[in-house]
Amino acid sequence: MLKIGDFARLGQVSVRMLRNYDELGLLVPAHVDPWTNYRSYSAAQLARLNRIVALRGLGFGLEAIGRLLDDHLTVAQLEGMLVLRRAELAEQLRATGDQLAAVERRLRLIEGESQMDQEFVVKPVPALRLGELSCTVGAQDDISAHVGPLFGRVWDAMTAAGARPGLGVGYYVVGEDGMECHCGFAYDGEAAPGFGVGELPAVPEAVTLVHLGSMAGIGAAWQAVGRWLEDNDAEPSGACREVYLETPMDDPDAWVTELQQPFVRR
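Just so we're clear, the structure is a prediction, and the values are computed from it rather than from any experiment.

Caption draft 1: Fine view of the sheet that holds strand β3 (residues 39-41). With antiparallel pairing, the 3 strands of this open sheet are ordered in space as β1-β3-β2. Sheet topology places β1 (2-3) and β2 (31-32) at the edges, where each strand pairs with a single neighbour. Bridge count between β1 and β3: 2 bridges; the pairing is antiparallel. Residue pairing for β3: Leu2 is matched across the bridge by Tyr41.

The following block contains the structure:
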């Protein structure tokens, strides 16, 4: 027999919790000394305690737990319930991670509002032919989750076709259903299985800004471009572009990206 303190330690619960379970009839001690009222438990009762704690973790109330245990819940049934709950918690964790990443990106946008040292360059941009794939995302914060894998798919398809991908380029068009994202590489050939071909026309004037660092902070740079357009009485004319000049895969903070926004003056 195990004293209540030893049983609590082995079961990784508190003595107070065991007393509560006893009062509710969920886990009655194997023996109660009639003189001292000390509770003692058998090692075999750890199995029932494990089920009580597991079902509490699944969100069941104590009354419902009592009914389940009285119905002789099997190990396989309990394992199935825990596996399902694990999957639910993993999905919640993933969703929370996505929300945290979105908050971090928004924070960087706010922090970037005070950066006044950007160097804007106005220049013509030549036409460009790309091997590419595209997708449409419903919200700005969803772009990063789709763009990276899309570039990977284009790269794999182009190399499988014997093509030599050039400079990486992304261009973006806002439509009724969200943001249309085109991801590809400079390419002078024809479409092949796994990727298509896109054409970016030459533009006489584009405001450009070099962004140093990871894609996590690129939103602030684009907002700076938007402020430049407003300050210079200009408006966008055509898809905005990102040209990835340097992309060391082992160091995202060392990336060099040129933002290009074609515009017309009002």
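After that view, the rundown keeps rolling.
Caption draft 2: Quick look at the packing of helix α3 (residues 46-57) against helix α4 (residues 62-70). Close contact between α3 and α4 brings their axes to 10 Å; oriented N to C, the two are set at 135 degrees. The orientation of α3 relative to α4 falls into the category oblique. When the axes of α3 and α4 are compared, the crossing they make is right-handed. Mapping the contact onto sequence places Arg48, Arg51, Ile52, Leu55 and Arg56 in α3 and Leu62, Ile65, Leu68, Leu69 and Asp70 in α4. Residues of the contact of α3 with α4, tallied by class, amount to 6 nonpolar, no polar and 4 charged.

Caption draft 3: Highlighting the pairing of strand β11 (residues 240-246). When you tally the buried positions in β11, you get 5 out of 7 residues, the bulk of the element. In this sheet, β11 lies alongside strand β6 (residues 168-175) in antiparallel orientation, the contact comprising 5 bridges. Bridged to Tyr171 within β11 is Arg241. Two elements, β11 and strand β12 (residues 256-265), share 5 bridges in a ladder whose sense is antiparallel. Each bridged residue has a counterpart across the sheet, and for Val243 the counterpart in β12 is Glu258.

Caption draft 4: Main features of the pattern of salt bridges. Counting across every chain of the model gives 8 salt bridges. Where Arg94 meets Glu91, a salt bridge forms, and the shortest distance between an N and an O atom there is 2.6 Å. In this pair, Arg94 and Glu91 both sit in helix α5 (residues 75-112), 3 residues apart, roughly one turn of the helix. Residue Arg94 is classed as partly exposed on the basis of its relative accessible area of 43%. Residue classification places Glu91 among the partly exposed residues on the basis of a relative accessible area of 41%.

Caption draft 5: Examining the pairing of strand β5 (residues 128-137) more closely. In terms of strand pairing, β5 meets strand β8 (residues 196-200) through 5 bridges, oriented antiparallel. Its bridge partner being in β8, Arg129 is matched across the sheet by Glu199. For β5 and strand β7 (residues 178-186), the ladder comprises 8 bridges, and the chain directions are antiparallel. In the strand pairing of β7, Leu133 is matched with Cys183.

Procedures and definitions
Residues numbered from 1 in each chain as written. Predicted model: local features only at pLDDT ≥ 70, side-chain atom pairs only at ≥ 80, totals over all residues. Heavy atoms only, no water. Pairing = 2+ DSSP bridges. Helix = DSSP H or I, 4+ residues; strand = E, 2+ residues; numbered from the N terminus. Axes fitted to C-alpha atoms, helices over the stretch in contact; angles between N-to-C directions. Parallel < 35°, antiparallel > 145°, perpendicular 65-115°, else oblique. Left-handed = near helix turned anticlockwise from the far one by under 90°. Contact = heavy atoms within 4.5 Å. Nonpolar A, V, L, I, M, F, W, Y, C, P; charged D, E, K, R; others polar. Buried < 20%, exposed > 50% of the residue type's maximum accessible area, 1.4 Å probe, protein only. Salt bridge = Lys/Arg side-chain N within 4 Å of Asp/Glu carboxyl O.

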